[in-house]
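# Coordinates in review
So you can see what is in the structure, the chains are spelled out below.
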Amino acid sequence: MKLRLVRRDAASRLAMFGAPVLALILTCLTSLILFALLGIPAGKALHALLLKPFLSWYSFSEVLLKMAPLLLIAQGLAIGFRANVFNIGAEGQFIIGAICASAFPVFYPDGNLPFMLPAMIVAGGLGGMAYAGIAAGLRTRYGASEILVTLMLSLIAVQILNYLLLGPWKDPRGFNFPQTVMFPGNALLPLLFENVRPNISLIFALLASLFAYLMMERHFRGYQLRTAGLAPKAALYAGFSAPRMIWLSLALSGLAAGIAGASEVAGPLGQLQRSVATGYGYAAIIVAYVGGLRPFGIVASSFLISVLYIGGDSATVSAGLPVAAVEVFQGMLLSFYLLTFTLIRFRVHLDREATA
Amino acid sequence: MSAVEFLLAGTLAAALPLLLAALGEMVVEKTGLLNLGLEGMMAVGAAIAFICVYHTGAHVLGFMAAAIVSAILAMVFAFLVILVKANQVAAGLAIGVLGLGLSALFGKTYESLTISGLPEYGLPLLSHIPLIGPTLLTQDIVVWLAVIGTIALWYVLNKTKLGLIITAVGENAEAARAIGYPVAVIRCAAVAFGGTMCGLAGAYASTVYTPLWADGMIAGRGWIALALVVFGTWQTGRVAFGALLFGILSLGELTAQAIGVAIPSQVLSSLPYLVTILMLVVISRHQFRASKRL
């Protein structure tokens, strides 16, 4: 007798929703046990993690602030993931986007530049796109794995950021802190609401989600990308150009990550500093998967992960939860999602000796 | 001590965590998998080892505990990828994040505590050679064991049937399965070996190389080890050579002083990654051209 996984012909709609919900429940249960073992008041921690963010307008607005970059980056990444193009270096493209955007306010700290903000966003997007383009070029021309190249490029991007902040771009009046000058007012994104920090980059992210939906689910190009992912040989036979799929996937994900990076320095940070590299690019990979790589699913998952971030912050205060608990939670969520997703897409089949 | 002497003395120890983690990942990749969770497995190993040594004072126990815990984390990856058939990029990142988080969670109450490291031993006779004797040839016991282990691994992979089986599984899993090799079991064992090696690497970093606990102390060494496997083109000797090279580079500013050139340390820190990209292009180009001719 042998256990075998058999792919279902079609995953039911219920299953698509069921997998992430089941993963979330399993994650909550496991972390309850883990927290209890570590002597952290588990109920209090979970309350702070999942409910606190909804209990005040301020903390809810912080969730929306976090959601913007995560959503934007994850939408870009998911396009590639569905085409089997694994850009895992969004962190690097995000940093390069932030650097390119910062060039304008660094060189015009008085704001004497027309169209400062649009220039920053465009430069950020193009910078991220070009940086991802390196990986696309090396993959299509030499066959170098984009997984490793994008990862290496991210690590290099961190060093470029360090170099600029410790050297040429350091604020001369910044008490030697590794950060640039504070950006002038015309280099900052307009806020969405009064007194709280979410800015219009959330609108960019939602528009990108709509674009991703129209392209992936309603347009022939999306069909080509999905085919390239699900059945590479069929895509080749149908004459869909593999290099074009790779270029498109990496260009779009780099563009999205670059714009997100630009929005971060032109938004909550207001300057280029080391903390721009806080791992949004890596968290967005988790967001993309937990959202089932579907545009609307990603809107939901980016919201969920943002809630966890903000909840995690409040749990450090109220329940003595270490900051790292959020990482544990994210890691478990993705692991359980990969598990539940497969169990829903496949059914366990029992081969009996007699039938063999 | 001059910068050169410092480099001679410190390079092997700096290279060791990279070497151990990279050799483990090399075996994983030889069976046709890719586990991106090195950083997390090293971090959790480092935390467990530190806690263990802090309470018992026995480095042996610390290394063993780290190996076990990191191997368990690696088995989560094996379970997801081999049994559940999940995407390995996602699964590797998942256990990576999980490991980093767990290390900080476990290590929270040990933040910036210190323990004592290990004594260093000189090689008999050879340690009297001027300059390199008291520096390069005087190392702690783990370094000497790692040298022996690296040679043993080279022997197993290149001169034994087990080595051939591992290569066969990686190069053509279908064929290996058809001959009757248990592909899934071999892959599971390779992933467990990779986890164990990451655990040992982390343990060395936190209990010998810098015997103190600080959150984030692995500081990207898992990623460097991942690069190292590519740099070494999946060959034990070249990976070991690469570990030394990347070890020197990781000493960054010291190296710059030793060479006597004013290079920004960020350039030196980026070199391993740049060289790896170049290496990847060079290796892939041949296969890519060959596959296009078909």
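Details of the structure are given in the entry above.
The structure contained in this document is the topic of the report that follows. Small disclaimer: the values here were computed from a predicted structure and weren't measured.

### Concerning the overall build of chain B
Regarding its fold elements, chain B presents 12 helices and 2 strands. Mapped in sequence order, the helices and strands of chain B form the string α-α-α-α-β-β-α-α-α-α-α-α-α-α. The C-alpha radius of gyration of chain B comes to 19 Å, within 12% of the 19 Å expected for a compact globule of 294 residues. Considering only C-alpha atoms, chain B reaches an extent of 60 × 45 × 40 Å along its principal axes. Expressed as a percentage of the 294 residues in chain B, the buried residues total 54%. Partitioning the contacts of chain B with sequence separation of at least 6, the portion at a separation of at least 24 is 74%. Put simply, chain B shows about 12600 Å² of open surface, and 70% of that area lies on carbon and sulfur atoms. The average position of the 13 basic charges and that of the 11 acidic charges among the side chains of chain B differ by 19 Å.

### Brief notes about the side chain of Ser59(A)
All names here are of chain A. With respect to the element layout, Ser-59 can be found in helix H3 (residues 57-82). Judged by its relative accessible area of 14%, Ser-59 falls in the buried class. Separated by 2.8 Å, the side chains of Ser-59 and Ser-56 make a polar contact. With sequence-adjacent residues up to four places away left out, Ser-59 is seen in contact with Lys-52, Pro-53 and Ile-310.

### Observations regarding the packing of aromatic side chains
Residues and elements named next belong to chain A. Here the structure, examined in full by the defined rule, presents 19 aromatic pairs over all chains. The interplanar angle of 25° and the centroid separation of 6.0 Å between the aromatic rings of Phe-220 and Tyr-223 together place this pair among those described as stacked. Of the two residues, Phe-220 and Tyr-223 are both situated in helix H8 (residues 220-230); the distance of 3 residues between them amounts to about one turn of the helix. Aromatic ring contacts, followed pair by pair, group Phe-54, Trp-57, Phe-60, Phe-193 and Phe-303 into a single cluster. A cation over an aromatic ring shows up here: Lys-66 above the ring of Tyr-309, its NZ or CZ 5.1 Å from the ring centre.

### Overview of the layout of surface pockets
Over the atoms, a rolled probe matching the size of one water molecule traces out where space is still vacant. Its volume calculated, the second largest pocket comes out at about 1500 Å³. Contributing to the lining of the second largest pocket are 38 residues, with Arg139(A), Gly143(A), Ser145(A), Glu146(A) and Gln287(B) lying nearest its centre. Secondary structure elements with two or more residues in the lining of the second largest pocket: helix H5 (116-142), helix H6 (146-166), helix H9 (232-237) and helix H10 (242-269) of chain A together with helix H1 (3-30), helix H6 (161-171) and helix H12 (265-293) of chain B. At 6 residues, the largest contribution of residues to the lining of the second largest pocket is made by H12(B). Considering only residue class, the lining of the second largest pocket consists of 20 nonpolar, 11 polar and 7 charged.

### Points about the packing of helix H7 (residues 201-218) of chain A against H8(A)
All names here are of chain A. Where H7 contacts H8, the two axes come as close as 5 Å, and the packing angle between them is 70°. Between H7 and H8, the angle falls in the class roughly perpendicular. Of H8, the residues touching H7 (which contributes Met-215, Met-216, Glu-217 and Arg-218) are Phe-220, Gly-222, Tyr-223, Leu-225 and Arg-226. Considering only residue class, the contact of H7 with H8 consists of 5 nonpolar, 1 polar and 3 charged.

### Observations regarding empty space enclosed by the protein
Residues and elements named next belong to chain A. Going through the model one piece at a time under the given rule, you end up with 1 cavity of 30 Å³ or more. The space that makes up the largest cavity amounts to roughly 70 Å³. Sorting the residues of the lining of the largest cavity by element identifies H3 and H10 as the ones contributing at least two each. Its residues placed into classes, the lining of the largest cavity shows 6 nonpolar, 3 polar and 1 charged.

### Quick notes on helix H12 (residues 295-318) of chain A
Here H12(A) spans 34 Å end to end across 24 residues, near enough to the 34 Å set by a 1.5 Å rise per residue. Gly320(A) sits one or two residues past H12(A) and shows a positive phi near 65°.

Parameters at a glance
- Residues numbered from 1 in each chain as written.
- Chains lettered and ligands numbered in written order.
- Predicted model: local features only at pLDDT ≥ 70, side-chain atom pairs only at ≥ 80, totals over all residues.
- Heavy atoms only, no water.
- Helix = DSSP H or I, 4+ residues; strand = E, 2+ residues; numbered from the N terminus.
- Rg over C-alpha atoms; globule rule 2.2 N^0.38 Å.
- Buried < 20%, exposed > 50% of the residue type's maximum accessible area, 1.4 Å probe, protein only.
- Contact = heavy atoms within 4.5 Å.
- Areas by Shrake-Rupley, 256 points an atom, 1.4 Å probe, with all protein chains shown as cover.
- Lys, Arg positive; Asp, Glu negative; His and termini not counted.
- Charge placed at Lys NZ, Arg CZ, Asp CG, Glu CD.
- Polar contact = N/O pair within 3.5 Å; in protein donor to acceptor, adjacent residues only side chain to side chain.
- Phe/Tyr/Trp six-rings, centres within 6.5 Å; stacked < 30°, edge-to-face > 60°.
- Lys NZ or Arg CZ within 6 Å of the ring centre and 35° of its normal.
- 1 Å grid on protein atoms, 1.4 Å probe; cavity = no way out; pocket = protein on both sides within 12 Å on 5 of 7 lines; lining within 4 Å.
- Points joined across faces, edges and corners; volume = space filled by probe spheres on them.
- Nonpolar A, V, L, I, M, F, W, Y, C, P; charged D, E, K, R; others polar.
- Axes fitted to C-alpha atoms, helices over the stretch in contact; angles between N-to-C directions.
- Parallel < 35°, antiparallel > 145°, perpendicular 65-115°, else oblique.
- Expected span 1.5 Å × (residues − 1).

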